[in-house]
Amino acid sequence: MKGTDINRSYHEKVLRNQGSYLEDYKETVKRVADSNAKYKGKPVPFLFNPMFFTPEEEEYFKGIVKGIIIIGNKVTDRFIEDPEYRKSFGYPRFIEDMILRENKYGIHAPIGRFDIFFNDIGDYKLCELNTDGSSAMNEDNTLARILLESKALKEFGEEYFLINRELIDSWVRESLKLYRRWKGRDHDPNVAIVDFTESGTLAEFVEFQRAYERLGLQCIIVDPRELVFREGELFKEDYKIDLVYRRIVTFELIQKAEEIPDFIEAYMADAMCTIGTIRSQIIHNKLYFKKLHDEDTQEFLTEEERKFIKEHIPFTGVLGGEESILSEVIENKNNYIIKPMDMNASQGVFVGKDQSQESWERVVRVAFDRDYLFQEFVDPPKRSFLVANESGFSTEEFKAIVGLFSYNESYSGLYTRLSKDNIISGVTNYFTAPNIIAHRK
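All residue numbers here refer to positions counted from 1 along the written sequence of the relevant chain. Local features in a predicted model are, by the rule used here, given only for residues with pLDDT of at least 70; side-chain atom pairs are given and counted only at 80 or more, and totals for whole chains, interfaces and linings are based on all residues. The basis for every side-chain value is the complete set of heavy atoms in the structure, and neither hydrogens nor water enter the calculation.

1. Digging into the overall build of the chain
Where helices and strands are cited, they refer to DSSP runs of H or I of at least four residues and of E of at least two residues respectively, numbered from the N terminus. Within the chain, the regular secondary structure consists of 17 helices and 22 strands. The reference for a compact globule is 2.2 Å times residues^0.38; the radius of gyration itself is calculated from the C-alpha atoms. Computed over C-alpha atoms, the radius of gyration of the chain comes to 22 Å, within 12% of the 22 Å expected from 2.2 N^0.38 for 441 residues, which places it in the range of a compact globule. Its C-alpha atoms give the chain principal-axis dimensions of roughly 65 × 60 × 40 Å. Exposed residues in this analysis have more than 50% of their type's maximum accessible area, buried residues have under 20%, and partly exposed residues fall in between, with area computed by a 1.4 Å probe over protein chains only. For the chain, buried positions account for 57% of its 441 residues. Surface accessibility in these figures is a Shrake-Rupley result with a 1.4 Å probe; residues are shielded only by whichever protein chains are displayed. For the chain, the exposed area adds up to about 18700 Å²; of that, 46% sits on carbon and sulfur atoms. A distance of 3 Å separates the average location of the 60 positive side-chain charges in the chain from that of its 76 negative side-chain charges. Within this scheme the basic residues Lys and Arg register as positive and the acidic residues Asp and Glu register as negative, but His and the chain ends are omitted. The location of each charge is read from NZ of Lys, CZ of Arg, CG of Asp or CD of Glu.

Structure follows, in structure tokens:
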């Protein structure tokens with residue numbers, strides 16, 4: 001049995017009892033609106049339909065995460081060890097210095113969300129790796145909790161075991177393991193969740209803050225511009241910070257470096273345990289996919305790892321340099337997507353299939369030689385979902401992207417976003433589908 005089979009079974013149950021479940025859906029909408037499932041201050045859009053996976057599919061996801069981590073660690077180690085290899089990433093000198101700063105807890109990318117286009121076991125492509133500011137744990141867990149309390153899922157749960165992986169408290173426990181490893185610390189740390197106010201996801205930060213507090217720890221949410229480095233320690237006013245849960249994405253750190261000199265100086269002085277370190281930027285940057293296909297990376301990977309890249313990493317190249325590259329991308333628009341090397345939330349992304357030939361040529365020419373990548377277009381997989389209207393439910397197909405959470409290099413849970421569009425992100429028309437692992441009783 002596959003997740004799609006369970007999904008079909010759920011549809012059949014709801015569609016047989018539309019009148020009963022429509023009121024159930026309306027009550028669920030109210031509960032979500034009153035919850036902390038917020039993105040950019042608004043309730044997260046959702047459907048009355050989880051994303052179902054089987055235990056076998058979840059076990060397969062664990063292997064995907066393991067493969068990503070193994071290759072990512074090899075590339076990061078080579079970056080650290082080889083100055084020539086390092087040059088090809090093109091980072092500013094101060095970011096290189098931050099990456100090269102010794103990591104005393106020994107994990108390059110302690111937290112990540114690896115987004116994939118998943119069709120079936122053995123049939124998937126990676127979309128991107130998010131290891132800076134990995135987010136949306138709260139969206140999944142809150143929506144899952146509310147939907148699992150709905151009449152429809154409770155009754156469906158009489159036939160199936162239904163499980164949602166907890167993502168907040170579990171990460172807090174994993175972060176504390178790293179803190180204990182950092183310099184052998186055994187006391188309880190003062191924690192700070194650090195991000196720029198205008199960029200952070202406050203509702204989610206509050207949930208993590210509460211999770212630290214449930215363990216008896218002090219925790220603040222703070223903008224890095226408010227931090228002061230003095231006498232070898234990092235402070236927010238009189239609050240000394242021992243552990244930083246970094247939600248600042250590196251491209252924004254680069255843009256606003258002059259505004260946060262104390263944070264950077266404290267980081268370089270190893271004044272606090274920072275989770276994660278700036279080393280996670282190496283696999284987070286979209287240039288990483290291009291580097292995986294390059295000969296200087298392929299040469300130090302195993303045959304199995306090269307096969308993994310060939311089958312699951314979309315071909316990626318720098319949109320610049322040779323005129324032949326410009327011509328190839330313009331003339332074959334349906335084959336490509338272009339995106340900035342290091343932005344988030346799908347900013348600046350264009351899909352050739354979605355553009356007229358004229359508009360595609362225009363955006364490609366503007367992006368050429370301006371830190372953009374071109375990438376093989378992957379048609380997102382589709383799945384049928386229930387959609388409610390005033391008279392009942394119908395089914396519609398949506399494109400899906402599935403995020404695999406990795407905590408301390410192990411699979412930890414899932415996040416799914418849906419859209420009718422080829423770009424599936426929080427800045428487009430989307431829905432969040434909480435992830436449920438299901439198997440028949």
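2. Considering empty space enclosed by the protein
Whether a set of points on the 1 Å grid over the protein atoms alone is a cavity depends on a 1.4 Å probe fitting there but being unable to get out, while an open set qualifies as a pocket with protein on both sides within 12 Å along at least five of seven lines; lining residues are those with an atom within 4 Å of a point. Grid points are joined across faces, edges and corners, and a volume is the space filled by probe spheres set on the points. The final tally for this structure, using the stated rule, is six cavities of 30 Å³ or more. In this model, the largest cavity occupies a volume close to 110 Å³. Under the convention adopted here, Pro, Cys and the residues Ala, Val, Leu, Ile, Met, Phe, Trp and Tyr are nonpolar, Asp, Glu, Lys and Arg are charged, and Gly plus all remaining residues are polar. Across the lining of the largest cavity, the residue classes break down as four nonpolar, three polar and four charged.

3. Observations regarding the sheet that holds strand E9 (residues 228-230)
As summarised here, the arrangement of the three strands in space is E9-E10-E11, forming an open sheet in which the pairing is antiparallel. Each of the sheet's edge strands pairs with one partner strand only, and the pair in question is E9 and strand E11 (239-241). Looking at each pair of strands side by side, their axes are set apart by 40° on average, direction ignored. Relative to E11, strand E10 (residues 233-236) is paired through three bridges, and the arrangement is antiparallel. In this description, strands pair whenever DSSP reports at least two bridges between them. Fitted lines through C-alpha atoms serve as axes, helices being fitted only where they are in contact, and the angles separating the N-to-C directions of these axes extend from 0 to 180 degrees.

4. Regarding the sheet that holds strand E6 (residues 160-163)
The three strands lie next to each other as E3-E22-E6, forming an open sheet whose pairing is mixed. Two strands close off the open sheet at either side, each with one partner strand: strand E3 (51-53) and E6. Pairs of neighbouring strands in the sheet enclose a mean axial angle of 35°, with direction left out of account. Pairing analysis gives three bridges linking E3 to strand E22 (residues 435-440), with the strands arranged parallel. Its bridge partner lying in E22, Met 51 is registered against Asn 435. Note on definitions: a residue-residue contact is assigned when non-hydrogen atoms from the two residues lie within 4.5 Å. Packing of helix H1 (residues 3-16) onto the sheet brings it into contact with E3, E6 and E22, and relative to E3 it is tilted by some 130°.

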